[in-house]
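What the coordinates show
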Amino acid sequence: MNKKIAIIGLPMDLGQSRRGVDMGPSAIRYAGAIERLQGLHLEVEDLGDISVQREAQTTDATNLKNLSQVVQANSKLAEMVDRTVTKGVFPLVFGGDHSIAIGTLAGISKHYQNLGVIWYDAHGDLNTEETSPSGNIHGMPLAASLGMGHDSLTKLHGYVPKVKPENIVVIGARSLDPGERELIREKGIRVYTMHEIDRLGMPRVMEDAINYLKERTDGVHLSLDLDGLDPSEAPGVGTPVLGGLTYRESHLAMEMLAEADIITSAEFVEVNPILDDKNKTASMAVGLMGSLFGEKLK
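Everything in this summary refers to the structure shown in the same document.

What counts, and where the lines are drawn
Residues numbered from 1 in each chain as written. Predicted model: local features only at pLDDT ≥ 70, side-chain atom pairs only at ≥ 80, totals over all residues. Heavy atoms only, no water. Phe/Tyr/Trp six-rings, centres within 6.5 Å; stacked < 30°, edge-to-face > 60°. Helix = DSSP H or I, 4+ residues; strand = E, 2+ residues; numbered from the N terminus. Buried < 20%, exposed > 50% of the residue type's maximum accessible area, 1.4 Å probe, protein only. Lys NZ or Arg CZ within 6 Å of the ring centre and 35° of its normal. Pairing = 2+ DSSP bridges. Right-handed = clockwise from strand over helix to strand, strands pointing away. Contact = heavy atoms within 4.5 Å. Axes fitted to C-alpha atoms, helices over the stretch in contact; angles between N-to-C directions. Salt bridge = Lys/Arg side-chain N within 4 Å of Asp/Glu carboxyl O. Core = buried A, V, L, I, M, F, W, Y, C linked by side-chain atoms within 4.5 Å.

**A few points about the packing of aromatic side chains**
- Under the criterion given, the structure shown has 1 aromatic pair.
- Seen from their ring centres, phenylalanine 90 and phenylalanine 293 are 5.1 Å apart, and the 70° between their planes marks the pair as edge-to-face. Of the two residues, phenylalanine 90 sits in strand 3 (residues 90–95) while phenylalanine 293 sits in the segment after helix 11 (280–292), which places them 203 residues apart along the sequence. We note that phenylalanine 90, like phenylalanine 293, is buried.
- Here the basic side chain of lysine 162 rests over the ring of tyrosine 159, its NZ or CZ set 4.8 Å away from the ring centre.
- Sitting above the plane of the tyrosine 212 ring, arginine 216 keeps its charged end 3.8 Å from the centroid.

Have a look at this one:
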């Protein structure tokens, strides 16, 4: 794994309906992310936060909430991530709601022939304007990156698609809308729901996912939504879903990814300190980062 890391914050909550996740990047930093990574002898540069334009909610002749603001912020993120990868530096993005993955993937994918994506999340985020029950764009970033959805989202940073369906692995899903299930079946996207994780165990799931991606990709992006963890352990998220992954299972997943040495970029999203308990969820994010970047007990 690249020893040079650039941290980029996108403090945006416009992709969903609950305020507070815009404070996620600050909460993650406050929980000691930079110090944790530097303690692993990594060269860390914090590039700060991207400014987000806040206006009254706009509809843009669509049911997508805050579309123009989300596109503007993600365009800035795509440019910054693109420059980071061009310099040979590992981009580590702190969100913000999960709509920021549209910009992250747009900035990364052009540098790879077959970028793999691990979507660690309770949700599939595979909705489009037509299938979304809410119009919240944080439920659409994976679909948009596949080239499905509103043109301003799919064409961000000037190319379509960012990722192929056969290069995606979703881990921890337990809340999928009907349109998402149909898309998963249609595209053959590999999804490990909590049912598979309970039956097979996390070691088997991660081995399968790693081997699957190793065969077909030349880089892998980890998009980790803290609501992938069970809300009893990670309460500070906007869309909690019961029956999620444990902190220990998640640590093991990150440790196995570190051993496999396949991750080339990452983002940690949906930390909402307003809904949290003493910054517990941000601290968990930092702990998982440590494992992802090779931290070991011995």
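Once you've had a look at it, read on.
**Looking at the environment of methionine 284**
- Mapped onto the elements of the fold, methionine 284 is located in helix 11.
- For methionine 284, a relative accessible area of 7% translates into the label buried.
- Taking the C-alpha atoms as reference points, methionine 284 and tyrosine 247, 37 residues apart in sequence, are found 7.6 Å from one another.

**What about the pairing of strand 6 (residues 190–193)?**
- Direction of pairing for strand 5 (residues 168–173) relative to strand 6: parallel, over a ladder of 4 bridges. Paired with isoleucine 171 across the two strands is tyrosine 192, which belongs to strand 6.
- One crossover worth recording links strand 5 to the parallel strand 6 by way of helix 7 (residues 178–187), and it is right-handed.

**Description of the environment of glycine 228**
- With respect to the secondary-structure elements, glycine 228 resides in the loop between strand 7 (219–225) and helix 10 (247–260).
- Considered as a pair, glycine 228 and glutamate 259 are 31 residues apart in the sequence and their alpha carbons are 21 Å apart.
- When residues no more than four places from it in sequence are discounted, the contact partners of glycine 228 are Asp121, Ala122, Arg174, Gly244 and Leu245.

**Structural notes on the sheet that holds strand 5**
- On the basis of which strands lie adjacent, the open sheet formed by 8 strands has the order 2-1-3-8-7-4-5-6 and parallel pairing. Whereas interior strands pair on both sides, the edge strands pair on one side only; in this sheet they are strand 2 (43–49) and strand 6. Strand-to-strand twist in this sheet, taken as the mean axis angle between neighbours without regard to direction, amounts to 15°.
- Contacts from helix 9 (residues 202–216) reach strand 4 (115–120), strand 5, strand 6 and strand 7, with the element oriented near 165° to strand 5.
- Strands in contact with helix 10 are strand 4, strand 7 and strand 8 (263–269); relative to strand 4, the strand with the most contacts, it is inclined by about 165°.

**Some points on the pattern of salt bridges**
- Evaluated as defined, the whole model comprises 10 salt bridges.
- Note that arginine 204 and aspartate 208 form a salt bridge whose closest N and O atoms lie 3.3 Å from each other. Of this pair, arginine 204 and aspartate 208 both sit in helix 9, 4 residues apart, which is roughly one turn of that helix.
- According to the relative accessible area criterion, aspartate 208 is partly exposed, its value standing at 24%.
- One network of salt bridges, in which partners are shared, links Arg29, Asp46 and Asp49.

**Some details on the side chain of threonine 84**
- Within the fold, threonine 84 resides in helix 3 (residues 67–86).
- A residue is classified by how much of its surface remains accessible, and threonine 84, at 4% relative accessible area, is buried.
- The contact partners of threonine 84, leaving out residues within four places of it in the chain, are Ala6, Ile8, Leu47, Val89, Phe90 and Pro91.

**Looking at the nonpolar core**
- Grouped together as the largest cluster of nonpolar side chains are 53 residues, with contacts concentrated most on Leu92, Tyr120, Leu222, Leu257 and Phe268.
- Excluding residues within four positions of it along the chain, leucine 92 makes contact with Ile5, Ala6, Ile7, Ile8, Leu37, Ala266, Phe268, Met289 and Phe293.
- Residues Val71, Val93, Leu115 and Val163 belong to the second largest nonpolar core, which totals 46 residues.

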